[in-house]
Every structure is written in structure tokens, then in C-alpha cells.
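# Working through the structure, step by step
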Amino acid sequence: MWLSYLILAIVLFAGVTYSIAARKLTVIAALTGAAVACAVFAGGGFTGLATMTVFFILGSAATSWQLKTKQIINAEEKSSRTAGQVLANAGTAGICGVLVLLLPQHSVLFQLMMAASLASATADTLSSELGMVYGRRFFNIITFKADVKGLDGVVSIEGTLIGSAGAAVIALIYFIGHCWSVDLLWIVTAGTLGNIIDSVLGAVLERKGIIGNNMVNFLNTFAAALFMLLFYLIF
């Protein structure tokens, strides 16, 4: 048992140190991420920790990819992510980890919901960050009319497919750590649906200033977890 905690400590120390040094996260955000990672590890073990780590790696890489091009589109400067952004993307996974501890008889369900939430967070990040670069035609998710890329609720087919691929990566990691079953498909589906929910919320609420981006991100991961719950109960 002590070896597991030692490995966890090494992983967290490396992650926090890199995140701060590379200015990926603020100091508070990095410490918040470590706390969430502990909750994910408590409920999902090394598999849960691996899915969260891969989300961070893929998200960071996608955000940095052709950054200057995206800054021109969004007219935004690169900045470290905040604790609020960390909780928005990984908070649902952390909650699922705590639920595993509180209701161990439902551990399989909560671990699947954890994976689905991270699949959605990955899909959202990759689709928005890489979709702006590789998307060809951009349209409003509500009206399906052509719209300006980079705006809330604007998507592309290429970006959506890239997002689904990201969700598939998270699902594969989950099943490498567990066992292969049809639930792999449901994790990918839940992650993709969560990403779509993100776009709908962006078009309907965020663009009007009713809610902010952090709330949109949290709700899309929470929705993905609920979709996974629905799939688990039905199938």
C-alpha cells in the first residue's frame, strides 16, 4: 500500500511542479488539481489517475498547438489556467471518486461516470482547440447556419470528430485498467454528448452572458456522467 502512495506522491509532485514551471496552471490551480487527483485516485485507483493525467496532457498539447493562430482568432493572450477552470473540467471526476468511497457497492458505476466526465472534458478541449485549426466549415449548433469560428456554440464536423477521438482515448485507458466491454462505447458516446451539450450551452446561455465558461465546462462533464448513468441503467 505504501508503494502506491509513494507513486501517487511522485506523480502529483511532478505534475504540480511542471504545471507551475510551464505556466500551464497557477499555483493555486496546480494545488487544486492535486487535490482533485487525490479524490480521483481514491475512487478510481491508478486507472482513474491515468485518465485524468492523459486529459491534462492532451488538453495542454491541444491548447499550445498553433497558439499564435488561435490567439489571432480569439484575440486572447496565453495565460495560466485557474483553480476554477480545474474544478470545471475535473470537478465531476473528483465527486465521482468521493462517491466511490461513500457508496463502494456502486463503485463500478461511479468509476464509469468518472471516465465519462473526463472523456467529455477531453472531447470539449480537443474539439474547440483543434477544431479552430483544422475545421473547414463552422456553424451554429442551434441554427446550423454558418457562423464565426471561435464564438461560443460554433462547431465544425472536424472538431467534433477530433473531440470524439479524444473521448475514445480516455475510454481505452479506462478499459486497459479494467476489462473490455460494451461500456467502452458508452463512455465515448457520453463524452461526445457532453461535448455537444457544451456547445448548446455556449450558444444558448454563455453567448448571452447568462453563465460563464467555467459553468459550461462543469455542466458538460456533469451531463456526460449522467448520460453514463442512464446507459448503465438501461443497458
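Up top is the structure.
The rules behind each value
Residues numbered from 1 in each chain as written. Predicted model: local features only at pLDDT ≥ 70, side-chain atom pairs only at ≥ 80, totals over all residues. Heavy atoms only, no water. Helix = DSSP H or I, 4+ residues; strand = E, 2+ residues; numbered from the N terminus. Buried < 20%, exposed > 50% of the residue type's maximum accessible area, 1.4 Å probe, protein only. Contact = heavy atoms within 4.5 Å. Axes fitted to C-alpha atoms, helices over the stretch in contact; angles between N-to-C directions. Parallel < 35°, antiparallel > 145°, perpendicular 65-115°, else oblique. Left-handed = near helix turned anticlockwise from the far one by under 90°. Nonpolar A, V, L, I, M, F, W, Y, C, P; charged D, E, K, R; others polar. Salt bridge = Lys/Arg side-chain N within 4 Å of Asp/Glu carboxyl O.

### With respect to the side chain of Asn 195
Position of Asn 195 among the secondary structure elements: in helix α7 (residues 183-206). The exposure class of Asn 195 is buried, given its relative accessible area of 5%. Leave out the neighbours within four places in its chain, and Asn 195 touches Ser 120, Ala 123, Asp 124 and Ser 127.

### What to know about the packing of helix α4 (residues 83-102) against helix α8 (residues 213-234)
As a packed pair, α4 and α8 sit with axes 8 Å apart at the nearest point and diverge in direction by 15°. It follows from the interaxial angle that α4 and α8 lie roughly parallel. For the element pair α4 and α8, the recorded crossing hand is right-handed. Listed contacts from α8 to Gly 84, Gln 85, Leu 87, Ala 88, Asn 89, Thr 92 and Ile 95 of α4 are Asn 214, Asn 217, Phe 218, Thr 221, Phe 222 and Ala 225. Considered class by class, the residues forming the contact of α4 with α8 number six nonpolar, seven polar and no charged.

### Overview of the pattern of salt bridges
In the structure shown here, the tally under the stated rule is one salt bridge. Between Asp 147 and Arg 207 there is a salt bridge whose closest N-O contact spans 3.2 Å. In this pair, Asp 147 sits in the loop between β1 (138-140) and β2 (154-156) while Arg 207 sits in the loop between α7 and α8, placing the two residues 60 residues apart along the sequence. Residue Asp 147 is classed as partly exposed on the basis of its relative accessible area, which comes to 24%.

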